[in-house]
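In case you want the letters, here they are:
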Amino acid sequence: MRYDEFRSEIQDALREVGLLAGGMDTPIETIDVVRMEQRWKLYHPLPSHGAEPFHICAEVAFNWSPIDAARSYTCEEDLLMELLGRKRSTTRTAQRFIRVDLDLSANLPYGSKTTIPEPQVLGPWADSIGRRLDEMLTETKERQGRLIAVLGGREEVQVEARCDVDGRLYLKAVSVGGFRFLRLPRVWDDPDRRTTEKDSGEDLARLALRFKNAADEWTQSVAEFARWIRYAPPPADARRVEPFFDDGEEEDGGPETIH
């Protein structure tokens, strides 16, 4: 499978579950001219009903390395012969996997005066959404009690703040990231091996559905977070402490002014 084929298939899968629509949902494609790595990225705004004033967005992205390009433009047998020579062309190759990232964010409008929630509010919320996303994104494989593969994972919930001139911190955004590894079919010259390498259409459909469910859970969780912030009592405003400079005491006990 080549880059343009995988790009078309993942766009079709995301469009099928509603994470890709027309209009402003135009994927961004870039090329790193140093590493010659291609990157595909999609921003998709999510409905914010009940989560106002948060603006919620999902970002899906993947990288296509030069090795991926080389393996997709020739068969595995020819690639092995080019890399290792004809005598070692029977060496086995590992399956192809590509990492697809999902970043979920919720941003407040510019200039918002929403203070950072108290730990008793922020902590349980972050733990709750983290556990729900783990069920959809995190997956590992074990053999005889040993970890042999990581097929998906999740990062910790991130909180972004801004500071005003008085040193007060205000909430700016919350976000969380996750990923899934997707198997890509290899290109074989041997017809028997070609039949054993299944198409990735079903895997892409499952990945898109997992991402859709994760985005829905994130939207619902942000709406709950917005209600907690709206009805939580405001934190006590700490008194501003003026800077203090110690110039030392007068040794002779004389007057503080000179006439």
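Scoring rules and cut-offs
- Residues numbered from 1 in each chain as written.
- Predicted model: local features only at pLDDT ≥ 70, side-chain atom pairs only at ≥ 80, totals over all residues.
- Heavy atoms only, no water.
- Helix = DSSP H or I, 4+ residues; strand = E, 2+ residues; numbered from the N terminus.
- Buried < 20%, exposed > 50% of the residue type's maximum accessible area, 1.4 Å probe, protein only.
- Contact = heavy atoms within 4.5 Å.
- Areas by Shrake-Rupley, 256 points an atom, 1.4 Å probe, with all protein chains shown as cover.
- Lys, Arg positive; Asp, Glu negative; His and termini not counted.
- Salt bridge = Lys/Arg side-chain N within 4 Å of Asp/Glu carboxyl O.
- Axes fitted to C-alpha atoms, helices over the stretch in contact; angles between N-to-C directions.
- Parallel < 35°, antiparallel > 145°, perpendicular 65-115°, else oblique.
- Phe/Tyr/Trp six-rings, centres within 6.5 Å; stacked < 30°, edge-to-face > 60°.
- Lys NZ or Arg CZ within 6 Å of the ring centre and 35° of its normal.
- Polar contact = N/O pair within 3.5 Å; in protein donor to acceptor, adjacent residues only side chain to side chain.
- Left-handed = near helix turned anticlockwise from the far one by under 90°.
- Arc of directions from axis to C-beta.

Draft legend 1. Structural detail: the overall build of the protein. When its secondary structure is counted, the protein shows 6 helices and 8 strands. In the protein, the order of α-helices and β-strands from amino to carboxyl end is α-β-β-β-α-α-β-α-β-β-β-β-α-α. Here the protein, with 259 residues, has 36% of them falling under the buried criterion. Put simply, of all contacts in the protein between residues at least 6 apart along the chain, 68% involve residues at least 24 apart. Accessible area of the protein: about 16900 Å², with a carbon and sulfur share of 52%.

Draft legend 2. Quick peek at the side chain of E59. Residue placement: E59 occurs in strand β3 (residues 55-64). One buried charged residue, E59, forms no salt bridge at all, with the nearest opposite charge on K41 at 4.0 Å. In this structure E59 touches R39, K41, L42, Y43, D101, L102 and D103, once residues within four positions along its chain are discounted.

Draft legend 3. Seen up close, the pattern of salt bridges. Tallied over the full model, the rule gives 16 salt bridges. R206 is the salt-bridge partner of D203, the closest N and O atoms lying 2.2 Å from each other. With D203 and R206 both in helix α6 (residues 201-231) and 3 residues apart, the pair spans about one turn of that helix. The exposure class of D203 is buried, given its relative accessible area of 18%. Here K212 ties to D216 by a salt bridge, and the two come within 3.5 Å at their closest N and O atoms.

Draft legend 4. Molecular detail of the packing of helix α4 (residues 119-137) against α6. Running from N to C, α4 and α6 cross one another at 170°; their axes reach a closest spacing of 10 Å. Taken as axis vectors, α4 and α6 run roughly antiparallel relative to one another. Across the interface between the two elements, V121, L122, W125, I129, R132, L133, E135, M136 and L137 of α4 pack against R210, F211, N213, A214, E217, W218, Q220, S221, V222, E224, F225 and W228 of α6.

Draft legend 5. The arrangement of the packing of aromatic side chains in detail. Following the criterion strictly, the structure yields 9 aromatic pairs and no others. Here the aromatic rings of F54 and F225 are separated by 6.1 Å at their centres, their planes lie at 35°, and the arrangement is tilted. Placement of F54 in the loop between β2 (37-46) and β3 and of F225 in helix α6 is noted, with a sequence separation of 171 residues between them. Of the residues examined, F54 reaches a relative accessible area of 3% and is grouped as buried. Three or more aromatic residues joined by ring pairs make a cluster, and in this case those are Y3, F6, W40, F62 and W64. The lysine or arginine in question, R99, covers the ring of F179, its NZ or CZ lying 4.1 Å from the ring centre.

Draft legend 6. Representation of the side chain of D164. Among the structural elements, D164 can be located in the loop between β7 (158-163) and β8 (169-184). In this structure the side chain of D164 is engaged in a polar contact, spanning 2.7 Å, whose partner is the backbone nitrogen of R168. A polar contact is formed between the side chain of D164 and the side chain of Y170, at a distance of 3.4 Å.

Draft legend 7. Looking closely at the packing of helix α1 (residues 3-17) against α6. One way to put it is that α1 packs onto α6 with a least axis distance of 9 Å and a crossing angle of 45°. With respect to their mutual orientation, α1 and α6 come out oblique. Where α1 crosses over α6, the handedness of that crossing is right-handed. Side by side, α1 and α6 meet where F6, E9, I10, A13, L14 and V17 of the first sit next to G201, L204, A205, A208, L209 and K212 of the second.

Draft legend 8. Geometry of helix α3 (residues 76-84). Three or more residues of α3 are buried, namely E76, L79 and L80. Seen from one end, α3 has its buried residues packed into an arc of 100°, which puts them on one side. Immediately beyond the C-terminal end of α3, within one or two residues, lies G85, with a positive phi of roughly 95°.

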